Structure formats: structure tokens, C-alpha cells
Amino acid sequence: MCLGIPGKVVQTYREHDLLMGKVDFGGVCKQVCLEHVPEARPGEYVLVHVGFALARIDEAEAERVFALLAGMNQLEELRGPE
């Protein structure tokens, strides 16, 4: 099963002719490819899987997923190795 994680787009930019973004996952920011959701703007939420944003989602849905992941103690995986 694949798991998509919601994140908030903080910034968009082009890199090597690809639409990219800085996305905040509950305090952890990562670089994400936004080519599949070119309409995504800073302040909006996207569903991300392995570094690619696959869909835009609303804030309420993003918060429901974060609450579920927090309840399962899965948010630490976003931080990666120290």
C-alpha cells in the first residue's frame, strides 16, 4: 500500500525546468516536485508520495491525516535520520 502525506506548500520555483516546491510537513520542510499539480500555490495543501505531489487537498483533510498519523506515532518518520 502506498501512503501519501499531506504537506503545505510554502514556496514554488523552477529547477531544471521542473516545477518544484518547498513543502512543510508539520514542521519538517522538504523539496517536492509539483509538476503533477501545477495549479498548487503557497498556502495550499498537497498530497505527496515519494517526493511527488499527486493532488491538492483542503486543509481540513490534511489535518485529519496528520491527526491519524500522530495517533499512530508515524510523524517521526518524516524527520529522517539525525
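Structure shown above.
Residues numbered from 1 in each chain as written. Predicted model: local features only at pLDDT ≥ 70, side-chain atom pairs only at ≥ 80, totals over all residues. Heavy atoms only, no water.

Colleague: What am I meant to see in a nonpolar patch on the surface here?
Modeller: A contiguous nonpolar surface patch, about 300 Å² in accessible area, is contributed by Val50, Phe52 and Leu54. Within the fold, leucine 54 resides in strand β5 (residues 52-57). (Patch = residues over 30% accessible without salt bridge, like charges linked within 9 Å, V, L, I, M, F, W, Y side chains within 5 Å. Areas by Shrake-Rupley, 256 points an atom, 1.4 Å probe, with all protein chains shown as cover. Salt bridge = Lys/Arg side-chain N within 4 Å of Asp/Glu carboxyl O. Helix = DSSP H or I, 4+ residues; strand = E, 2+ residues; numbered from the N terminus.)

Colleague: How do you make sense of the pattern of salt bridges when you look at a structure like this?
Modeller: Overall, the coordinates contain 5 salt bridges when judged by the stated rule. Between aspartate 17 and arginine 14 there is a salt bridge; the shortest N-O distance is 3.9 Å. Take aspartate 17 and arginine 14: they sit in the same class, and that class is exposed. One salt bridge connects arginine 56 with glutamate 39, and the closest N-O pair in it is separated by 3.9 Å. Taken as a pair, arginine 56 in strand β5 and glutamate 39 in the loop between β3 (28-33) and β4 (45-49) lie far apart in primary sequence, 17 residues in all. On the basis of relative accessibility, which here comes to 37%, the residue glutamate 39 falls in the partly exposed class. (Buried < 20%, exposed > 50% of the residue type's maximum accessible area, 1.4 Å probe, protein only.)

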